[in-house]
Amino acid sequence: MYQITSRLQPDFEMICGNFKGKDIVSLDQFAVADLDKLFTVTRQMKRIAENNEPSRLLEGLLVGLLFFEPSSRTFSSFAAAVKRLGGQTIEMQNPEAFSSVSKGETFEDTIQVMEAYTNAIVLRHRFSGAAEQAARAANFVPVINAGDGNNEHPTQTLLDMYTLHERFGRLDNLTGLLAGDALNSRTIHSLLRGLSLYENNTMYVLSPRQLQLSRDDFVSLQDRGIRLIEIHREQDIPHDCDFWYWTRVQKERFASAEEYRRAQSEIVVASPALLETYAKKDMILMDPLPRVESVDPAVDADERAVYLRSQIRNGVYTRMALLALVLGRI
Amino acid sequence: MYQITSRLQPDFEMICGNFKGKDIVSLDQFAVADLDKLFTVTRQMKRIAENNEPSRLLEGLLVGLLFFEPSSRTFSSFAAAVKRLGGQTIEMQNPEAFSSVSKGETFEDTIQVMEAYTNAIVLRHRFSGAAEQAARAANFVPVINAGDGNNEHPTQTLLDMYTLHERFGRLDNLTGLLAGDALNSRTIHSLLRGLSLYENNTMYVLSPRQLQLSRDDFVSLQDRGIRLIEIHREQDIPHDCDFWYWTRVQKERFASAEEYRRAQSEIVVASPALLETYAKKDMILMDPLPRVESVDPAVDADERAVYLRSQIRNGVYTRMALLALVLGRI
Amino acid sequence: MYQITSRLQPDFEMICGNFKGKDIVSLDQFAVADLDKLFTVTRQMKRIAENNEPSRLLEGLLVGLLFFEPSSRTFSSFAAAVKRLGGQTIEMQNPEAFSSVSKGETFEDTIQVMEAYTNAIVLRHRFSGAAEQAARAANFVPVINAGDGNNEHPTQTLLDMYTLHERFGRLDNLTGLLAGDALNSRTIHSLLRGLSLYENNTMYVLSPRQLQLSRDDFVSLQDRGIRLIEIHREQDIPHDCDFWYWTRVQKERFASAEEYRRAQSEIVVASPALLETYAKKDMILMDPLPRVESVDPAVDADERAVYLRSQIRNGVYTRMALLALVLGRI
């Protein structure tokens, strides 16, 4: 069953059960059956990684990590995914400072040079749409979007969805609380879009008013069939959430330090007291990290806090699965 | 048949059929028989790479990539060559900023430390003669020149020559057009020297007068036996060239942006119209890249344009062959 | 026989014959029996490396190289150690500029993220105590100290001790000369502490008066049972030393270039004449490198100068052994 979403751009090819050779640019390429397949492979990958099993699945293959902006976490996670499977990386960070890009080379040429050296390209870029542009430029190898500006970061959402799926055995009939910078958080937007593929999900969005979802995002998400309830005060947090998903306020989006401080002061921090008051015993607390005044470190010891346990590790496993599928090795 | 060229420096050891353990500093170390051997191995390497064959040819070996100036293309190409063959890299970029070099360590000590960690050193440096200096400093492992200032970049020329050899089955009796910045282009100079090893080659050099070959270079190249014809206008391009080799004007060589723009304005760009008018059906169009206002991207779709196809890939294959030979694994 | 030293901090776990899973933060964790074991394994590692034997000892394992300050030598040595044994590295350099750290992430979170991707973390940091802090933060993988500020750099001392042990077959009853910046040199302090584990060692410390050992260090070292004799003039160098250990004056420690120059002018440089006059035929001359006006390059050709021969190579072998032991693969 391949559910085609209305927001699919004409240039994104749906996966439709076949990952091999496909560019992975947007979450919208995934139908429920594709996610099922990915999660099945991810479970296999988890076993390999947890057992430190020497894998040769990607032996003989080179994956280019082309990072136009720094992102050590995503970079390391992809590098670990490649190397856990016996592949090798060709790493190019900050090419605008250090490479032919600085001599005036076009983005398209940089992509086409990288694909001559590799079997797949993982691209990080600060401009929205860069991943799609790269996918169009590449003639021979698949491009995987590792975050393009405010646009998408599909592997982050895939790991978040896998984490929920692993914990609850389903991605429908879930009640969640998404907190923090709902206006700017790419991870909140994408997770909501991902969960809208499934039925009967109810999501509470907790933020100060100036950081609530834009009206456009609110309407378009509701149109996709997810139930959204916006709240602004701690005391409105429901007691029956299956998961909390906390995000930091993105300092870099504010015009002044003063405005950032004002927004930050209105943020509800996930603390032991907050969990004690509002959280179910069997919920999980997620955070895409880095956390900066979003989740109190005193919560870390709580078993429900999965951000530094399964969630971060699932990032490696999901990327292992995606690479193995896209490279046709599984 | 090992033809010794007149410009050979006393410190370069000729290859004379035996690559193992040799420093690769200059194109002048190669005789025709050495090139034949290299090209034969390169063809094998191409098969390994094209089939993504897991190779263990360099298993257990470490290659140091010591880049004193950034060059992401050459760096990635060498890294890909090592890793395609099952070897590993030890990478040190920009050591003058980040390492003991900044504490006052000498170049010789840096080389000798690197050789203690590796089985071969690939060196990039902005100073002419750095590769020879490194080769003298290294006592245990071979040094491969990946470009030393305006001096030499032998692996670039080897890949250019392999590309011609693969296409035409020979490196003699060729007619070529070399265009762009003939005065400053290290790749044009080296390719002309390389082709002068073979008989009966005729090379047209197309450039604005202020960017034509220096008289010294012109005379010394002609002395090596290659036929050179300098032209300055589009309409003088002959119709019978086997290949075109286009280069960018090197902005960084000009005293002012104004002077650069003036030179650039007199440059003939390789456009679809230019190929339509002057190029044979079975010629190839090469460019060492990066291209900056040298070849019109509209030409990319033309099958004769090999710069982003075989030429860039041959860089990896040639370097695989050179490493396998120098490390004595083939 | 596991000798517990008096300066052991409560948070360092002694090795006590079992390296597996242990953090390696301080030299004080090692008893004589642990050093014996490490040296035995180091000899095996040396054979693997010298024969370029393809080893799979660390196959399937990832080692994070997390370097908060640049140190190309230590970085490359650890990278070589991992790769020589068939392992892979996840490399994060200068995370304060390039990563989530710049977004405000805590040191503890950075460590816990890195451990989610890897099987061990090698940490370099400019702050004293960073390694211990990291070891406490990491819940799942061992942390190896690759130098934390002025505090410790245990693998440097382990390689120095292995070099002496390999040469003399013992680490007791040795007479040594340690020269240069005795006040600031972390390597001199640590080597003296290491040698104090063994009986009947006599160490001459040669330095200008303003760079002699601090009185605290002098007293605490003597309390550990090593015989220390401070000298300040070339003519007081004894003729019976088994080894010389030379260090540079650390320019970065001086308030002004003038003060540095004054201190440097009083330093005795290890020259061929100095060796001719004072050194035994069968001694060895060591230097932790980089050398800057410490050892005259004219000495390099002397067989007794081991700094660019066995000493630097032993760094790789010792780190191979330590990694294999800590990762439980030997």
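Residues numbered from 1 in each chain as written. Chains lettered and ligands numbered in written order. Predicted model: local features only at pLDDT ≥ 70, side-chain atom pairs only at ≥ 80, totals over all residues. Heavy atoms only, no water.

The name that an unreviewed UniProt entry assigns to chain A is Aspartate carbamoyltransferase, with the source organism given as Dictyobacter kobayashii. Looking at chain A in UniProt, the text filed under Pathway (unreviewed entry) is "Pyrimidine metabolism; UMP biosynthesis via de novo pathway; (S)-dihydroorotate from bicarbonate: step 2/3." Entered under Catalytic activity (unreviewed entry) in the UniProt record, the comment concerning chain A runs "carbamoyl phosphate + L-aspartate = N-carbamoyl-L-aspartate + phosphate + H(+)". (UniProt positions renumbered as here; feature names shortened; annotations may be inferred.)

**So, the domain arrangement of chain A**
Residue and element names in this part refer to chain A. Looking at the assigned domains, one finds that chain A contains domain 1 (27–152 + 313–326) and domain 2 (156–299). Just the C-alpha atoms count here: the centres of domain 1 and domain 2 sit 26 Å apart. Taking both sides of the interface into account, the surface hidden between domain 1 and domain 2 amounts to around 1900 Å²; carbon and sulfur atoms contribute 56%. Of all residues in domain 1, Leu 27, Phe 39 and Asn 314 give up the largest surface area on contact with domain 2, accounting jointly for 29% of the area buried on that side. In this assembly, domain 1 and domain 2 are joined by four salt bridges. In this structure, Arg 193 engages Asp 28 in a salt bridge whose closest nitrogen and oxygen atoms are separated by 2.5 Å. On the surface where domain 1 and domain 2 come into contact, there are eight residue pairs in polar contact (both at pLDDT 80 or more). Elements with a contribution of two residues or more to the side of domain 1 that touches domain 2: helix H1 (32–50), strand E4 (143–148) and helix H11 (307–326). (Domains from an automatic or database assignment. Buried area = accessible area lost by both parts, 1.4 Å probe. Salt bridge = Lys/Arg side-chain N within 4 Å of Asp/Glu carboxyl O. Polar contact = N/O pair within 3.5 Å; in protein donor to acceptor, adjacent residues only side chain to side chain. Helix = DSSP H or I, 4+ residues; strand = E, 2+ residues; numbered from the N terminus.)

**Focus: the sheet that holds strand E3 (residues 120–125) of chain C**
Residue and element names in this part refer to chain C. With parallel pairing, four strands are arranged side by side in an open sheet as E2-E1-E3-E4. Looking along the sheet, the strands with just one partner apiece sit at the ends: strand E2 (88–93) and strand E4 (143–148). Neighbour-to-neighbour, the strand axes of the sheet open up by a mean angle of 15°, direction not taken into account. Looking at chain direction, strand E1 (residues 62–67) and E2 are connected through six bridges and run parallel. Residue pairing in the sheet places Gly 64 in a bridge with Ile 90 of E2. Across the sheet, helix H2 (residues 72–84) touches E1, E2, E3 and E4, and the angle it forms with E2 is around 160°. (Pairing = 2+ DSSP bridges. Axes fitted to C-alpha atoms, helices over the stretch in contact; angles between N-to-C directions. Contact = heavy atoms within 4.5 Å.)

**A few points about the sheet that holds strand E5 (residues 175–179) of chain C**
Residues and elements named next belong to chain C. One open sheet accounts for five strands, arranged E7-E6-E5-E8-E9; its pairing is parallel. Two strands in the sheet have a free side with no partner beyond their single neighbour: strand E7 (227–231) and strand E9 (284–286). On average, each strand axis in the sheet is inclined to that of its neighbour by 20°, with strand direction left out of account. Inspection of the sheet shows strand E6 (residues 202–206) paired to E7 by five bridges, in the parallel sense.

**Topic: the interface of chain A and chain B**
Taken residue by residue, the interface counts 25 residues in chain A and 24 residues in chain B. A:Asp109 is the partner of B:Arg291 in a salt bridge, and the nearest nitrogen-oxygen pair spans 2.6 Å. One can count eight residue pairs in polar contact (both at pLDDT 80 or more) joining chain A with chain B. Element by element, the count of residues in the side of chain A that touches chain B is highest for helix H4 (residues 107–117) of chain A, at six residues. For the side of chain A that touches chain B, the residue count by class is nine nonpolar, nine polar and seven charged. (Nonpolar A, V, L, I, M, F, W, Y, C, P; charged D, E, K, R; others polar.)

**Overview of the relation of the copies chain A and chain B**
Under the fitted operation, chain A is carried onto chain B by 0.0 Å of movement along the axis and a turn of 120°, and the coordinates agree to an RMSD of 0.1 Å. Here the symmetry operator amounts to a three-fold rotation axis. Relative to the rotation axis, the closest C-alpha in chain A is found at A:Gln88, a distance of 5.3 Å. A share of only 8% of the interface residues of chain A reappears at the interface of chain B, consistent with the copies meeting through non-equivalent patches. (Least-squares fit on C-alpha atoms with pLDDT ≥ 70 in both.)

**Quick notes on the relation of the copies chain C and chain B**
Between the two copies of this chain, the relationship is a rotation about some axis together with a displacement along it. Each copy of the sequence occupies a distinct position, and chain C is placed on chain B by a rotation of 120° and an axial shift of 0.0 Å, giving an RMSD of 0.0 Å. When the interface residues of chain C are mapped onto chain B, a mere 8% of them again fall at the interface, so the copies present different faces.

**Quick word on the interface of chain C and chain B**
Each partner contributes to the interface: chain C provides 24 residues, whereas chain B provides 25 residues. For chain C, the biggest contributors to the area lost against chain B are C:Lys83, C:Arg84 and C:Arg313; these three give 21% of the whole. For the pair chain C and chain B, the interface holds three salt bridges. Joining chain C to chain B, the criterion identifies eight residue pairs in polar contact (both at pLDDT 80 or more). Mapped onto the side of chain C that touches chain B, the elements with two or more residues apiece are H2 and helix H11 (307–326) of chain C. Top element by residues in the side of chain C that touches chain B is H2(C). It accounts for eight residues. The residue inventory of the side of chain C that touches chain B, partitioned by class, reads ten nonpolar, seven polar and seven charged.

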